[in-house]
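Chains, contacts and geometry: an overview
Each chain is listed here by its residues.
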Amino acid sequence: MADSGKKARAPLTLESDVTYLKGAGPAISTRLRALNIYAVGDLLFHLPLRYEDRRQHQPCARLRPDQEALVRGRVVDVDVRMAGRRTLRVVIDDGTGALTLRFFHFNNAQRDAFAAGRWVQAYGAVRVGLSGPDMVHPQYRIADLPETLQPDDTLAPIYPLTTGITQPRLRALIGQALELAQRDATLTAHWPELDGQSTLDALRTIHHPKGEVEALLARTHPAQLRLVREELLAHQLGMRLLRQRLKAKPAIAISNAQAAVAELIQTLPFTPTGAQQRVLAETARDLTQTRPMLRLVQGDVGSGKTVIAAAALLAAYRHGAQAVLVAPTELLAEQHARTLGAWLEPLGITPLFLSQRVKKKAERQAVLDALAADAPAIAVGTHALLQDSVHYARLALTVVDEQHRFGVQQRVALREKGGARAPHQLTMSATPIPRTLAQTVYADLDVSIIDELPPGRTPVTTVALPNTRRDEVIKRLGAAIGQGRQAYWVCTLIEESEELDAQAAEAAAALLREQLPQVQVGLVHGRMKAEQKDTQMRAFKDGISQLLVATTVIEVGVDVPNASIMVIENAERLGLSQLHQLRGRVGRGAAVSQCVLMYQPPLGEMGQARLHTLRDTTDGFAIAQRDLELRGAGELLGRKQTGDIGMRLADPMRDAELIPPLQQLADHWLQHRPQLAQQLIKRWVGDPAQYAAV
Ligand code: ADP
Ligand code: MG
């Protein structure tokens, strides 16, 4: 049946475009796309960021600063002040005391509405000054009788917004979606494995909470936990499904991988640590299989992950196949090319190199030809190796360094370079995840952990000093350099702008050159050309410059063993893990190394806790755990992204103990309820290909 005036269409369902909802025309639905809302069902999972409690009028006499409160009172005084900023000032009184409302933007009609004797209900953040409590630009309603101004029955959910979409609009649309959801069998189904309530029960509570404010705000309400479990389950399902799909493809079995490991060990200038030996054996075993390896190697900065990569690359080469190592930055790719060159050239193998920097047509073409020919090859480079124009005749293995720096498309592209046969996948990450969690967080991967540093490393001593002692730090730096040491000076990001970042680094370099005229000061930042960066890095590595000023671009993987001092300016701006990664650039040689964390006082409680953690431990996994604890407190309800895993509500670290039973459930559902599994994956994950840690 056609409904009034509009053209005939299928009945409204959760799959329908939001345009068909009341109050959402084409203009609104276009805007909703910015919030990732396309279909009616998407509204259900647009979750509140927080709640406002307008269920009670607070007495004016008891308003506290920084609290948000709902207040109802009679207008006792109104005036417009011209001193300083033009301000409309309205004083209301509720019998217990007075509250001042201040408006800087107002028109005459607004001003006139606040007539003495009328009633006002206001909601806003309370400030308490000399003239008592006030609110700046509160939300308000005015009436002649107090009964007209009643508090809400429920907490008011506050949603993430976009231009042209208001809270009331979203609430109305979400209300319609919740109505329609009653007819959806999956949303109303009860799965005792997840707990008694249905997904819809949980969504209703979260969108229209009645009570239990404390629990909701602390994110411990059963309705929230129900959705967190469902999201974690969906991710487990997605990761398992992806793994199944990848493992179903044939791979080139590298039968003599173990021999290649032995061959590499012979040529290395050092003996691998026990942990390296173990991981070498694990990867070699995977490579001999007819199904693709899906392995993640985790190891703290400096733990020696490159050796693992080298052995795998060599194994593929000796088997007569091709293998690539992809790094996220030019600098890192070049460093890998040099390291691998040094280890493999004595064995008669010269790795190919490809990046944006290889511009000469002939040089580029030579690499492309070598990879397109059915001959063994090892190629090292940046994502240039993943371009469509690069064809591989016999790709058996892909190694990806710092996998989290690559996007979904790049991961998929790399996987598809193997043609009918899936390449073995080895990924390396220095982002430490607490040991016990790695397997649950990366359910699609086998995880190897290098939990031992090469011998002869002296732990880095760390001190935290206020910026006010900068001159003293520079003086001591000069003295240390005079004794043959080398140092990094890291300028941290002030804004999300490479430009400003580069300027800050240039200014720091100029200052250091001025104060330490006898020292050669190098400079590396993100705005420099690859060649310039390379020249600077090389000069530092060769000892031509002794002090290297850098932005956080040096964070990833750069290796200069003689550098033993790291100064980090405004360290309070960086996260724990990032600071740990930076500090990992020193302490690689036998010299005693120092890390100086300079901060801008006063340091908040959180900042202090962070710097203390760093001072007290050098174990990346312990730091990750602490990072988690510090982050965990006071987090918002609905977040967009959890690291590179992309979760909405759950945090796999914080919610770790919920995961193990869900893993079993995921296995069970994949086998016995595959359709339901697909639905959940679609609801929470979208395309599971996004997990492919290449
Ligand atoms: P990661 O990539 O894990 O941060 P690298 O592979 O860059 O670490 O290794 C860091 C440094 O330690 C390199 O200079 C490397 O040659 C050296 N190295 C690696 N393994 C050992 C070892 N077993 N003994 C001594 N030095 C090692
Ligand atoms: Mg590395």
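Residues numbered from 1 in each chain as written. Chains lettered and ligands numbered in written order. Predicted model: local features only at pLDDT ≥ 70, side-chain atom pairs only at ≥ 80, totals over all residues. Heavy atoms only, no water.

Each helix and strand counted, the chain has 23 helices and 22 strands in total. Taken along its principal axes, the extent of the C-alpha atoms in the chain is 95 × 70 × 45 Å. When each of the 694 residues of the chain is scored for burial, the buried share is 52%. Expressed as a percentage of contacts within the chain between residues at least 6 apart in sequence, the contacts between residues at least 24 apart total 73%. A total of about 30900 Å² of accessible surface is found on the chain, and carbon and sulfur atoms cover 52% of it. (Helix = DSSP H or I, 4+ residues; strand = E, 2+ residues; numbered from the N terminus. Buried < 20%, exposed > 50% of the residue type's maximum accessible area, 1.4 Å probe, protein only. Contact = heavy atoms within 4.5 Å. Areas by Shrake-Rupley, 256 points an atom, 1.4 Å probe, with all protein chains shown as cover.)

Turning our attention to the nonpolar core. What tends to happen in soluble globular proteins is that the nonpolar side chains get buried as a cluster. Formed by 56 residues in total, the largest nonpolar core has its most connected members in Leu32, Leu43, Leu44, Leu233 and Leu237. Among the elements of the structure, α1 (26–32), α2 (40–44), α4 (167–181), α6 (199–207), α7 (213–217), α8 (222–247), α22 (659–672) and α23 (674–684) are those that each provide at least two residues to this core. Among the elements that take part in this core, α8 stands out by supplying 8 residues, more than any other. Shared between two domains, this core takes at least three residues from each, and those domains are domain 1 (18–50 + 157–218) and domain 3 (230–247 + 655–692). Sequence-distant contacts of Leu44, that is, excluding residues within four places in its chain, are made with Leu14, Ala177, Leu178, Ala181, Leu187, Leu203 and His207. Grouped together as the second largest cluster of nonpolar side chains are 41 residues, Ala284, Ile308, Leu313 and Tyr317 included. (Core = buried A, V, L, I, M, F, W, Y, C linked by side-chain atoms within 4.5 Å. Domains from an automatic or database assignment.)

Here the focus is the domain arrangement of the chain. For an interface, size is often stated in terms of accessible area lost upon the parts coming together. Each assigned domain of the chain is listed here: domain 1 (18–50 + 157–218), domain 2 (56–151), domain 3 (230–247 + 655–692), domain 4 (249–450) and domain 5 (460–617). Put simply, the middle of domain 2 and the middle of domain 5, counted by C-alpha atoms, are 51 Å apart.

Neighbouring ligand 1 are 16 residues, the closest being Gly302, Lys305, Thr306, Arg457 and Asp559. Taking Gly304, its main chain carries an N or O atom lying 3.0 Å from an oxygen atom of ligand 1. Between ligand 1 and Lys305, the relevant distance is 2.8 Å, taken from an oxygen atom to a side-chain nitrogen or oxygen of the residue. Isolated, ligand 1 exposes 560 Å² of accessible area, and the fraction of that covered by the protein chains is 83%. (Near = heavy atom within 4 Å. Polar contact = N/O pair within 3.5 Å; in protein donor to acceptor, adjacent residues only side chain to side chain.)

Among the residues making up helix α9 (residues 257–267), those that are buried are Ala257, Ala260, Val261 and Leu264. Projection of α9 onto a plane perpendicular to its axis shows the buried side chains occupying an angular sector of 105°, all on one side. Buried residues along α9 sit in contact with α10 (274–287), α11 (305–318) and α12 (330–344). (Arc of directions from axis to C-beta.)

Helix length check: helix α16 (residues 470–482) (13 residues) gives 18 Å between terminal C-alpha atoms against 18 Å at 1.5 Å per residue, within 8%. If you check which residues of α16 are buried, you get Val473, Ile474, Leu477, Gly478, Ala480 and Ile481. For α16, the buried positions fall inside an angular range of 165° around the axis, keeping them on one side. Facing away from the buried side of α16 by over 90 degrees, the exposed positions are Asp471, Lys475 and Gly482. (Expected span 1.5 Å × (residues − 1).)

When you line up the elements, Arg513 lands in helix α17 (residues 498–515). With 90 residues separating them in the primary sequence, Arg513 and Pro423 have C-alpha atoms 50 Å apart. Other than its neighbours up to four places away in sequence, Arg513 contacts Val521, Gly522 and Leu523.

Another point: the sheet that holds strand β8 (residues 139–143). Spatially, the 7 strands line up as an open sheet ordered β6-β7-β4-β3-β2-β5-β8, and their pairing is mixed. Because the sheet does not close on itself, it has two edges, and the strands there are β6 (127–129) and β8. The sheet shows a mean angle of 40° between the axes of neighbouring strands, direction not considered. Pairing geometry for β6 and strand β7 (residues 132–136), over 3 bridges, is antiparallel. Among the inter-strand pairings, Val128 is bridged to a residue of β7, identified as Pro133. (Pairing = 2+ DSSP bridges. Axes fitted to C-alpha atoms, helices over the stretch in contact; angles between N-to-C directions.)

Attention shifts here to the pairing of strand β13 (residues 377–381). In terms of burial, β13 is largely enclosed, as 5 of its 5 residues are buried. Neither face of β13 is exposed, since Ala377, Ala379 and Gly381 on one face and Ile378 and Val380 on the opposite face are all buried. Relative to β13, strand β11 (residues 322–326) is paired through 5 bridges, and the arrangement is parallel. Counterpart to Val324 in the pairing with β13 is Ala379. Here 3 bridges tie strand β12 (residues 352–354) to β13, and the two strands are oriented parallel to one another. Bridge pairing in β13 links Leu352 to Ala379. Between β12 and its parallel partner β13, the chain crosses via helix α13 (residues 361–372), and the hand of that crossover is right-handed. (Right-handed = clockwise from strand over helix to strand, strands pointing away.)

Right, let's get into the sheet that holds strand β21 (residues 563–568). To summarise the sheet geometry, strands pair through backbone hydrogen bonds and adopt either a parallel or an antiparallel arrangement. Here 6 strands make up an open sheet; going across it, the order is β17-β22-β21-β18-β20-β19 and the pairing parallel. Of all the strands in the sheet, just β17 (460–466) and β19 (521–524) have a single pairing partner and so form its edges. For this sheet, the mean inter-axis angle between neighbouring strands, taken without regard to orientation, is 20°.

With that out of the way, let us pick up the confidence of the model for the chain. With 90% of its residues at a pLDDT of 70 or more, the chain shows a mean pLDDT of 86. Below a pLDDT of 50 lies the segment residues 1–7, which in the model reaches 2 contacts outside its immediate sequence neighbourhood of four places, other chains included. Of the regions scoring below 50 in pLDDT, residues 632–645 engages in 38 contacts with residues more than four places distant in sequence or in other chains. (pLDDT = per-residue confidence, 0-100.)

Looking now at the packing of α8 against α22. To describe two helices that pack against each other, one gives the angle between their axes and the distance between the axes. Their axes nearest at 9 Å, the elements α8 and α22 cross at an angle of 55°. Here α22 runs oblique to α8, going by the angle between their axes. Crossing angle aside, the handedness with which α8 passes α22 is right-handed. Along the contact surface, α8 presents Arg229, Leu232, Leu233, Gln236, Leu237, Arg240, Leu241 and Gln244, while α22 presents Ile659, Leu662, Gln663, Leu665, Ala666, Asp667, Trp669 and Leu670. For the contact of α8 with α22, the per-class residue count stands at 10 nonpolar, 3 polar and 3 charged. (Parallel < 35°, antiparallel > 145°, perpendicular 65-115°, else oblique. Left-handed = near helix turned anticlockwise from the far one by under 90°. Nonpolar A, V, L, I, M, F, W, Y, C, P; charged D, E, K, R; others polar.)

Turning our eyes to something else, we now look at unusual backbone geometry. Residues Pro601 and Pro602 are joined by a peptide bond in cis, for which omega reads -5°. On the secondary structure map, Pro602 appears in the loop between β22 (593–599) and α20 (605–616). Even without glycine at this site, His137 takes up a positive phi of about 45°. In this fold, His137 is placed in the loop between β7 and β8. Despite not being glycine, Asp195 has its phi angle at roughly 130°, a positive value. Locating Asp195 in the fold gives a position in the loop between α5 (185–188) and α6. Taking the relative accessible area as the measure of exposure, Asp195 reaches 23% and is therefore partly exposed.

Moving on: the pattern of salt bridges. What the rule picks out here adds up to 27 salt bridges. Arg226 is paired through a salt bridge with Glu230; the nearest N and O atoms lie 2.7 Å apart. Taken together, the residues span about one helical turn, with Arg226 and Glu230 both in helix α8 at a distance of 4 residues. Judged by relative accessible area, which is 0%, Arg226 ranks as buried. Among the ionic pairs, Asp446 bridges to Arg243, the shortest N-O distance being 3.3 Å. One end of the pair, Asp446, is in strand β16 (residues 446–450); the other, Arg243, is in helix α8, and 203 residues separate them in sequence. Each member of the salt-bridge network shares a partner with another, and the members are Arg50, Glu52, Arg54 and Glu68. (Salt bridge = Lys/Arg side-chain N within 4 Å of Asp/Glu carboxyl O.)

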